[in-house]
Amino acid sequence: MSASWLFSTPYCRRRRNNFSIFSPTGTVKQMFTTSSASSSSSNPNNNKGAFTTIKEIATFEKEIKKSKFIAIAGHIPDEGSAQSFLSEVRDPRATHNCWAYKVGEQYRTNDDGEPSGTAGKPIHSAIASSGLDRIMVVVIRHFGGIKLGTGGLVRAYGGVAAECLRNAPTCLIKSKVPMGLEVPFEILGVLYHQLQSSQAEDIKQDYDTGKDGVTMVTFKVDFDCVQGLEEAIKTNCSRDIVFYKR
């Protein structure tokens, strides 16, 4: 049985209504390419549970001492999607395209020519403070002729990133856990009743188990339903059943 994660988004909400949707082509795309950046953390996190992310790409724009700052935030499903997101939203005419992203415990930042630590790091701090995950924020700066100093840059980049995330529409994502078990034919009806009660998905049967009168049933269920489903099946099927999950 293959190990894969599927996601559902039943708890979508909007924090505010004063956000803008951004896409140069008029659509929000899912993108998958190899990423490169300037700095990173350690220890990957698979997010096996639930996390909140951005539902739609959002922007926030602010002028600070004649420089125009444009923050663009969006969901990235994995680190490999970061470079494509950057390519999609960056402005080659701008003075700087600074960014940061967070995927579980993995993150990367880039100052794109601004003094070290004055752009990418405060953008990442805004992401970390938001409680959102699997997102990227790109802050585009069009220089207006007045230098802001290191403190001013930190406040500018971190501030517009935080405001963009504050206005962004969000969704709670629940992970699906792939599971399987071998059961005798005579209790399939009871098993299917329990699976339906737990809203299990992708239910499949495999009769090629090498055992007479036994079939392998595989399915996916919300991570927070796993324990309750196991207990219900064991109780109602009255058998010693071994569960396989990845």
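Calculation criteria
- Residues numbered from 1 in each chain as written.
- Predicted model: local features only at pLDDT ≥ 70, side-chain atom pairs only at ≥ 80, totals over all residues.
- Heavy atoms only, no water.
- Helix = DSSP H or I, 4+ residues; strand = E, 2+ residues; numbered from the N terminus.
- Buried < 20%, exposed > 50% of the residue type's maximum accessible area, 1.4 Å probe, protein only.
- Areas by Shrake-Rupley, 256 points an atom, 1.4 Å probe, with all protein chains shown as cover.
- Core = buried A, V, L, I, M, F, W, Y, C linked by side-chain atoms within 4.5 Å.
- Phe/Tyr/Trp six-rings, centres within 6.5 Å; stacked < 30°, edge-to-face > 60°.
- Pairing = 2+ DSSP bridges.
- Arc of directions from axis to C-beta.
- Contact = heavy atoms within 4.5 Å.
- pLDDT = per-residue confidence, 0-100.
- Axes fitted to C-alpha atoms, helices over the stretch in contact; angles between N-to-C directions.
- Left-handed = near helix turned anticlockwise from the far one by under 90°.
- Nonpolar A, V, L, I, M, F, W, Y, C, P; charged D, E, K, R; others polar.
- Parallel < 35°, antiparallel > 145°, perpendicular 65-115°, else oblique.

Turning our attention to the overall build of the chain. The helix and strand tally for the chain stands at five helices and 13 strands. Burial statistics for the chain: of 246 residues in total, 46% are counted as buried. For the chain, the exposed area adds up to about 12500 Å²; of that, 47% sits on carbon and sulfur atoms.

Before going further, it helps to examine the nonpolar core. Grouped together as the largest cluster of nonpolar side chains are 25 residues, with contacts concentrated most on Phe69, Ile123, Val137, Val139, Tyr157 and Leu165. Where this core is concerned, the elements lending two or more residues are β5 (58–64), β6 (67–75), β7 (96–103), α2 (120–130), β9 (135–142) and α3 (149–167). The greatest single-element share of this core, amounting to seven residues, is contributed by α3. Val177, Met179, Ile187 and Phe243 belong to the second largest nonpolar core, which has 18 residues in total.

Two aromatic rings are characterised by how far apart their centres lie and by the angle between their planes. Counted under the stated rule, the structure contains three aromatic pairs. On the numbers, 5.2 Å between centres and 90° between planes, the contact of Phe69 with Tyr157 is edge-to-face. One end of the pair, Phe69, is in strand β6; the other, Tyr157, is in helix α3, and 88 residues separate them in sequence. For the ring pair Trp99 and Tyr101, a centre distance of 6.1 Å and an interplane angle of 5° mean the geometry is stacked.

The subject of this paragraph is the environment of Ala82. By the element assignment, Ala82 lies in helix α1 (residues 82–89). What makes Ala82 buried here is its relative accessible area of 2%. Between the C-alpha atom of Ala82 and that of Arg134, which follows or precedes it by 52 residues, the distance is 9.8 Å.

Let us look at the pairing of β7. Extensive coverage of β7 is indicated by the burial of eight of its eight residues. Burial along β7 is two-sided: His96, Cys98, Ala100 and Lys102 facing one way and Asn97, Trp99, Tyr101 and Val103 facing the other are all buried. Pairing geometry for β7 and β9, over seven bridges, is antiparallel. Considered in β9, the bridge of His96 is made with Arg141. Bridge count for β7 against strand β8 (residues 106–110) is five bridges, and the pairing is antiparallel. Looking at β8, one finds that Trp99 is bridged to Asn110.

We now examine helix α4 (residues 188–197). Within the span of α4, buried status applies to Leu188, Leu191, Gln194 and Leu195. Take α4 and look down its axis: the buried residues cluster within an arc of 125°, on one side only. Exposed positions of α4 whose direction lies more than 90 degrees from the buried face are Gly189, Gln196 and Ser197. For α4, the elements touching its buried residues are β10 (169–184), β11 (201–206), β12 (214–222) and α5 (226–237). Immediately beyond the C-terminal end of α4, within one or two residues, lies Gln199, with a positive phi of roughly 55°.

With that settled, consider the confidence of the model for the chain. The predicted coordinates should not be examined in detail at positions where pLDDT is low. For the chain, mean pLDDT is 81; residues scoring 70 or higher make up 80% of the total. Strand β1 (residues 7–8) is the least confidently modelled element of the chain, averaging 32 in pLDDT, while β9 averages 98, the highest of any element. Here residues 1–47 scores under 50 on pLDDT; set against residues more than four positions off or in separate chains, the count is 125 contacts.

It is worth spelling out the packing of α2 against α3 at this point. Geometry of a packed helix pair, given as the angle between the helix axes and the separation of the axes. Between α2 and α3, the least distance of the axes is 8 Å, while the angle of their chain directions is 35°. You can see that α2 and α3 cross each other, and the crossing is right-handed. Counted together, Pro122, Ile123, Ala126, Ile127 and Ser130 of α2 and Val154, Tyr157, Gly158, Ala161, Ala162 and Leu165 of α3 form the full contact between these two elements. Looking at the contact of α2 with α3, its residues break down into nine nonpolar, two polar and no charged.

The next subject is the packing of α4 against α5. Running from N to C, α4 and α5 cross one another at 155°; their axes reach a closest spacing of 10 Å. Judged on the interaxial angle alone, α5 and α4 are roughly antiparallel. α5 is crossed by α4, and the crossing has right-handed handedness. Between α4 and α5, the residues in contact are Val190, Leu191, Gln194 and Leu195 and Leu229, Ala232, Ile233, Asn236 and Cys237, respectively.

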